[in-house]
Amino acid sequence: MSSLSRELVFLILQFLDEEKFKETVHKLEQESGFYFNMKYFEDEVINGNWDEVERYLGGFTKVDDNRYSMKIFFEIRKQKYLEALDKHDRSKAVEILVKDLKVFASFNEELFKEITQLLTLENFRENEQLSKYGDTKSARAIMLVELKKLIEANPLFRDKLQFPNLKSSRLRTLINQSLNWQHQLCKNPRPNPDIKTLFVDHSCGQPNGARAPSPANNPLLGSTMPKPGGFPPIGAQIGAHGPFQPAPTPVAPLAGWMSNPPAVTHPSASGGAIGFAAMLKHPRTPSTANPSMDYPSGDSDHLSKRPRPVGLSGDSDHLSNLPMNMMPSTYPQSHSYPQDDFHKAVARTLSQGSVPMSMDFHPVQQTLLLVGTNIGDIGLWDVGTKEKLAVRNFKVWELGKCSMALQAGLVKDPSVSVNRIIWSPDGTLFGVAYSRHIVQIYSYHGGDDIRQHLEIDAHVGGVNDIAFAHPNKQLCIISCGDDKTIKVWEATSGTKQFTFEGHEAPVYSVCPHYKENIQFIFSTALDGKIKAWLYDNLGSRVDYDAPGHWCTTMAYSADGSRLFSCGTSKDGESHLVEWNESEGAVKRTYQGFRKRSMGVVQFDTTRNRFLAAGDEFVIKIWDMDNTSLLTTIEADGGLPASPRIRFNKEGTLLAVSTVDNGIKVLANADGVRLLRTLENRSFDASRSASETVTKPLINPLTAAAAAAAAAAATSSGTAAPSAITAMNGDSRSLVDVKPRITDESMDKSKVWKLMEIADTTQCRSLKLGDNHRTTKISRLIYTNSGVAILALASNAVHLLWKWPRNERNSTGKATASVSPQLWQPPSGILMTNDIIDNNPEEAVHCFALSKNDSYVMSASGGKISLFNMMTFKTMTTFMPPPPAATFLAFHPQDNNIIAIGMDDSTIQIYNVRIDEVKSKLRGHSKKITGLAFSNVLNVLVSSGADAQICVWNTDGWERQRSRFLQIPSGRPTSNILDTRVQFHQDQLHCLVVHETQIAIYDASKLEPVKQWPVRENSAPITHATFSCDSQLIYASFLDATVCIFSASSLRLQCRILPASYLPPNISSNVHPVVVAAHPSEANQFALGLTDGTVYVMEPLESDRKWGNPPPVENGLTSNLSTPPNGASSSDQPER
């Protein structure tokens, strides 16, 4: 409930108390839970009205909420029990013991036994502990002192023990002010108006005796008559004119806050959606019992903008009194949609082996499907090849670290189900919520490589839902469970960040989101309550009821602009609705569910256009803008009553659970084309490898062994004995032992081929225009929002390209398909760095961008400049040389702290706000060439022109360790690329790049995990960087070739030749000197070249990615492990 609604309750409480409605005032105190009247509570305790005492307490707390609450209820019930014994009313005492006190036996069995034994005593005062028990009155007084202390200490009563300091009759004062305002709006105000009712707006009669139309009901203003059906929540009326709404115009009346609302939102109060902040301020609970009591909604707002003739009557008047979702529809019906839009084709049928409970498609690789089942299994499918890439059976990874309750429960009943399985936004992690306490997080490294990452004993009872979110730029896991709590965990270390308490029933689902820079979480509980939480400890900001009052899930449209929920009541009534966030009310209710659903209906959204739900053995589809059912999909039958469903991100595929423990993957026209493309590639590749395949694979869990066998057979012509043993070995751990034909189970290692791009038709490239002739791009970066590219040229001038948001580019993000604009402010000024001589070409250039893209800090051999990215104005300059800055990096937790690498080999830790160097780090012998922070390890890693890497602790800035790169002996270095460092997304591993090598280091030990040296006589590396998801490494070379490596194995998976993006007549000296990766599109990168041009590179839309990860060699996993004897991967690029 919003703060204004809460204050309204206090005003009503004051009014009821002044009018002597004694029973009603205490009933409202109890039902609202806003004010605990200690005086009333004391009176009831002293008078021994125990039923009323517990009823009143029940509005604020329950027995098992916390230890304070338990103690309060125990003392009350114990006193009631002792009074019954004192009156020798044994039957009453036994009734109290069984009904009221037995609940505490599970917490203190010995105490309960001792209380029971009092029944055997003639006088309970014979018990030593009760020997000082006096009469009833004094015992109640003593107990009351203890109760008051417990209530005051109980956090659930915080801020509820003091009534606000109000002037007397405050509610009457507000009513009078409202009436005065209404009177001022009268066209013919009378000197002494006669106010006879508050039910409608006041209006003085016209001079001739006719009454002027009420402003709220004036058809000229676009409103209609109020709907029948009772009063709306008063809080909604107050909320409609809260501080977040636009100010009403003079001609627009303010509807009386105690009158019925008009059927259509008044234009002066509609104002459009105003985001989550408004929802926190103006929540409303929609009524679903009577459809004629719909409140004003987004539909109403839409209708109010249509011109209506004055005096409209007849059928239209009749229609205006119907609920909004019954208005005549002008939306397109199903026949107007191309059938290609719908997922009618059953493209794949997958046999999971147990009942699918939850599914999720990979956010980037559109054909990867995760499945969690009712026996705790998880499966990873490649829908394109119909291959089950990986299977994991449920087991607790570290049982000893789990709670005793979980350990005991698993011994008693080891059965576990998956309640939710979900990918992280970038697809590098996925989480599994189980029906027993546990959340497990896996990391995904491509192909079949999934690894244990985190195990969290998250909740007491089942974990009902999990989600990923990025509060404060940090990836977190949000979980909810049977223990009525929501918890937020840091995704790297598993550290608990927040615990949200306030639900009174098990929490069923969570839906994190952000709007207007506000990060929040919606949660739903099994009592139908919806709450919203910010990432703080201040409690729920929203509290209202979901239609159905039971199992409800919430989801946003893909673009985050529209909120939907789907729920099923205990009676089987299902409700799919869209919410008006600005009002906290139901905007529209979708029709088409059966009266009694046979299970909890699951739903999903796709392409900002359609809603889908599984019900009545089919999938039902709605247009988001039309409440009528659009179409149904039977999927050739075989679906359960309420099938589980999940779209992929592009909306081309739809996974649906089946009755035979399987999954059907349905495809629309685009999905069919996608899968057909994958099939054709697989078929073409399999034909070339078919000679090496002699037998179909029988055991699906021997994929690794089969891969090793295929690799050995391909290279030597003979099968590896170890592989044969594995294929025919013990199969007791098998889950699915159905035979699989060769073309379905053929391992990728037999058909994998390096992707080589040699022509402009094989990829998408876009040359960015430049009106300012520059000689070389020295630094290049995408903005954090992904909508622009910033370059620093060797003449010390910054160039900013911004992409437009239009029909061709709906997201407005950088793409190779749409040309951007070289942007400048209206003033025409350039962001130009300070230089120390007239030859900036020889200077070292560096810059760093703030997290919000508002400022860039930059240097080109002179002073460091701070520029405003909107105006290009220089905000300040500091640190004149010598020494000159050579590298800049913002501290990840504090934008006011910046690490500055210098050409005198020092690193200065500088506080911008106070203009002070906090620390000066010494350890290198030549200029600093790279800096990277890890907010997990709390370290700064530096690299220098001395080929040395150092690790510094960010707490005290001491050097922890250092090591020199292993430069191949006898190989001269040309300083084409100074050593650079960059952290992997896990913040634990570090990419180190030198012209002679690429390496992945374990930053905690500063030891190389993987290395890729450049061959002798091959072109040196000019730059390299991780993709945004850290799955790929983009590397440029002096011969203008670009190589793309799998980050997990440092093996080449794609090679882009210069002819694919450079014009044919260009000089052979032109090559990339810097590579930048898009912050959210993993397969997009940009190149900055020596001739001053910038190219944006993306794979073809039909390819979607830069090749496939290379296969596992010799049965080795592709995790980051040191090559044997320091050897590197063997696949050197031939250029």
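Residues numbered from 1 in each chain as written. Predicted model: local features only at pLDDT ≥ 70, side-chain atom pairs only at ≥ 80, totals over all residues. Heavy atoms only, no water.

## Focus: the overall build of the protein chain
- Secondary structure summary: the protein chain contains 20 helices and 57 strands in total.
- Relative to its full complement of 1135 residues, the protein chain shows a buried share of 53%.
- Considering only residue pairs separated by 6 or more positions, the protein chain has 55% of its internal contacts joining residues 24 or more positions apart.
- About 51,100 Å² of surface is accessible on the protein chain, with carbon and sulfur atoms providing 51% of the total. (Helix = DSSP H or I, 4+ residues; strand = E, 2+ residues; numbered from the N terminus. Buried < 20%, exposed > 50% of the residue type's maximum accessible area, 1.4 Å probe, protein only. Contact = heavy atoms within 4.5 Å. Areas by Shrake-Rupley, 256 points an atom, 1.4 Å probe, with all protein chains shown as cover.)

## Points about the environment of Gly 862
- Note on placement: Gly 862 falls in the loop between β36 (855-860) and β37 (864-868).
- With relative accessibility at 1%, the residue Gly 862 sits in the buried group.
- In this structure Gly 862 touches Asp 834, Ile 835, Ile 836, Met 879 and Pro 881, once residues within four positions along its chain are discounted.

## Here's the deal with a nonpolar patch on the surface
- Together, Ile 195, Leu 198, Phe 199 and Val 200 make up an exposed nonpolar region whose accessible area comes to about 380 Å².
- On the secondary structure map, Ile 195 appears in the loop between α9 (170-184) and α10 (234-239).
- Among the residues examined, Ile 195 registers a relative accessible area of 37% and is labelled partly exposed. (Patch = residues over 30% accessible without salt bridge, like charges linked within 9 Å, V, L, I, M, F, W, Y side chains within 5 Å. Salt bridge = Lys/Arg side-chain N within 4 Å of Asp/Glu carboxyl O.)

## Details of the pairing of strand β43 (residues 928-934)
- Counting buried positions along β43 gives seven out of seven residues, so the element sits mostly inside the fold.
- Judged from the six bridges that link them, β43 and strand β44 (residues 939-944) form a sheet pairing that is antiparallel. From the neighbouring strand, Leu 931 faces β44, where its bridge partner is Ser 942.
- Connecting β43 to the antiparallel partner β44 that follows it, the hairpin turn spans four residues, and Asn 938 within it adopts a positive phi of roughly 55 degrees. (Pairing = 2+ DSSP bridges.)

## Structural notes on the environment of Ile 900
- In this structure, Ile 900 sits in strand β40 (residues 897-902).
- As for Ile 900 and Phe 887, which are separated by 13 residues in sequence, their C-alpha atoms are 5.8 Å apart.
- Dropping the residues within four chain positions of it, Ile 900 is found in contact with Ile 864, Phe 878, Met 879, Ala 885, Phe 887, Leu 888, Thr 906, Ile 907, Gln 908, Tyr 910 and Leu 931.

## Digging into the packing of helix α5 (residues 67-86) against helix α6 (residues 90-101)
- Running from N to C, α5 and α6 cross one another at 165 degrees; their axes reach a closest spacing of 8 Å. Accordingly, the angle class assigned to the pair α5 and α6 is roughly antiparallel. Considering how the two elements wind past one another, α5 and α6 form a crossing that is left-handed. Taking contact as the criterion, the partners of Phe 74, Arg 77, Lys 78, Lys 80, Tyr 81, Ala 84 and Leu 85 in α5 are, on α6, Arg 90, Lys 92, Ala 93, Ile 96, Leu 97, Asp 100 and Leu 101. (Axes fitted to C-alpha atoms, helices over the stretch in contact; angles between N-to-C directions. Parallel < 35°, antiparallel > 145°, perpendicular 65-115°, else oblique. Left-handed = near helix turned anticlockwise from the far one by under 90°.)

## Regarding the nonpolar core
- Among the nonpolar cores identified, the biggest contains 39 residues, and Phe 36, Phe 41, Leu 57, Tyr 81 and Leu 101 are the most heavily contacted of them.
- For this core, the secondary-structure elements that each account for two or more residues are α3 (38-46), α4 (50-58), α5, α6, α7 (109-117) and α8 (136-153).
- Top contributing element to this core by residue count: α5, with nine residues.
- For Phe 41, the residues in contact, after removing those within four places along its chain, are Phe 36, Val 53, Leu 57, Ile 76, Leu 144, Leu 147 and Ile 151.
- Core analysis: the second largest hydrophobic core is formed by 23 residues, Ile 378, Phe 394, Tyr 434 and Tyr 444 among them. (Core = buried A, V, L, I, M, F, W, Y, C linked by side-chain atoms within 4.5 Å.)

## Remarks on the sheet that holds strand β55 (residues 1072-1077)
- Read from one edge of the open sheet, four strands run β30-β57-β56-β55, paired in antiparallel fashion. For this open sheet the edge positions go to β30 (763-768) and β55, each flanked by a neighbour on one side alone. Here the strands of the sheet are splayed against their neighbours by 25 degrees on average, with no regard to which way each runs.
- Bridge analysis of β55 against strand β56 (residues 1085-1089) gives five bridges, and the strand direction is antiparallel. Across the sheet, the residue bridging to Ala 1076 is Ala 1086, located in β56.

## Remarks on helix α15 (residues 404-412)
- For α15, the complete set of buried residues consists of Leu 406, Gln 407, Gly 409 and Leu 410. On an axial view of α15, the arc spanned by its buried residues comes to 165 degrees, and they lie on one face. Across α15 from its buried face, at more than 90 degrees, point the exposed residues Met 404, Ala 405, Val 411 and Lys 412.
- Here the buried face of α15 lies against β8 (438-444) and β9 (450-457). (Arc of directions from axis to C-beta.)

## Some words on a negative patch on the surface
- Together, Asp 64, Asp 65, Glu 501 and Glu 504 make up a region of like negative charge exposed at the surface.
- Its location among the elements puts Glu 504 in the loop between β13 (496-501) and β14 (507-515).
- By relative accessible area, which is 55% here, Glu 504 ends up exposed. (Lys, Arg positive; Asp, Glu negative; His and termini not counted. Charge placed at Lys NZ, Arg CZ, Asp CG, Glu CD.)

## Some details on the pattern of salt bridges
- Applying the stated criterion across every chain, the model contains 32 salt bridges.
- Here Lys 148 and Glu 42 are joined by a salt bridge, their closest N and O atoms 3.0 Å apart. Of this pair, Lys 148 sits in helix α8 while Glu 42 is found in helix α3, placing the two residues 106 residues apart along the sequence.
- The partner of Arg 646 in a salt bridge is Asp 604, and the shortest N-O contact between them spans 3.8 Å.

## Overview of the pairing of strand β41 (residues 907-911)
- Most of β41 sits out of view: five of its five residues are buried.
- On β41, burial covers both faces: Ile 907, Ile 909 and Asn 911 on one face and Gln 908 and Tyr 910 on the other are all buried.
- In terms of strand pairing, β40 meets β41 through five bridges, oriented antiparallel. Directly across from Ala 899, in β41, lies its bridge partner Ile 909.
- Where β40 hands over to β41, the hairpin turn is made up of four residues, of which Ser 905 adopts a positive phi near 80 degrees.

## Examining the confidence of the model for the protein chain
- Confidence along the protein chain averages 79 in pLDDT terms, with 78% of residues attaining 70 or more.
- For the stretch residues 208-335, pLDDT sits under 50, and the model shows 221 contacts to residues farther than four places along the chain or on other chains.
- Below pLDDT 50 for its whole length, residues 685-750 participates in 60 contacts with residues either more than four positions away or in separate chains. (pLDDT = per-residue confidence, 0-100.)

## Description of the side chain of Thr 996
- Inspection of the secondary structure puts Thr 996 in the loop between β48 (989-994) and β49 (997-1002).
- Within polar-contact distance, the side chain of Thr 996 engages the side chain of Gln 997 at 3.3 Å. (Polar contact = N/O pair within 3.5 Å; in protein donor to acceptor, adjacent residues only side chain to side chain.)

## A look at α4
- Those residues of α4 that fall on the buried side of the exposure criterion are Trp 50, Glu 52, Val 53, Glu 54, Tyr 56 and Leu 57.
- On the buried face of α4, the contacting elements are α2 (22-32), α3, α5 and α8.

## Here we look at the environment of Asp 86
- Here Asp 86 is to be found in helix α5.
- Note on Asp 86: relative accessible area 27%, which makes it partly exposed.
- For the pair Asp 86 and Asp 135, spaced 49 residues apart in the sequence, the C-alpha separation amounts to 9.1 Å.
- Excluding residues that lie within four positions of it along the chain, Asp 86 makes contacts with Phe 124, Arg 125, Tyr 133 and Thr 136.
- Polar contacts involving the side chain of Asp 86 include one to the side chain of Arg 125, which spans 3.0 Å.

## Overview of the packing of aromatic side chains
- Summed over the entire model, instances satisfying the criterion amount to 32 aromatic pairs.
- On the numbers, 5.9 Å between centres and 20 degrees between planes, the contact of Phe 60 with Phe 157 is stacked. Here Phe 157 lies in the loop between α8 and α9 and Phe 60 lies in the loop between α4 and α5, a separation of 97 residues in the sequence.
- Of the residues examined, Phe 60 reaches a relative accessible area of 7% and is grouped as buried.
- Geometrically, the ring pair formed by Phe 878 and Tyr 910 is stacked, given 4.7 Å between the ring centres and 10 degrees between the ring planes. Of this pair, Phe 878 sits in strand β38 (residues 874-878) while Tyr 910 sits in strand β41; the two residues are 32 residues apart in sequence, bridging distant segments of the chain. Take Phe 878 and Tyr 910: they sit in the same class, and that class is buried.
- Grouping aromatic residues by their ring pairs yields a cluster made of Phe 36, Tyr 40, Phe 41, Tyr 56, Phe 60 and Phe 157.
- Directly above the aromatic system of Phe 34 lies the positively charged group of Arg 6, at a separation of 4.6 Å from the ring centroid.
- Seen from the ring of Trp 823, Lys 802 lies directly overhead, with NZ or CZ sitting 4.1 Å from the centre. (Phe/Tyr/Trp six-rings, centres within 6.5 Å; stacked < 30°, edge-to-face > 60°. Lys NZ or Arg CZ within 6 Å of the ring centre and 35° of its normal.)

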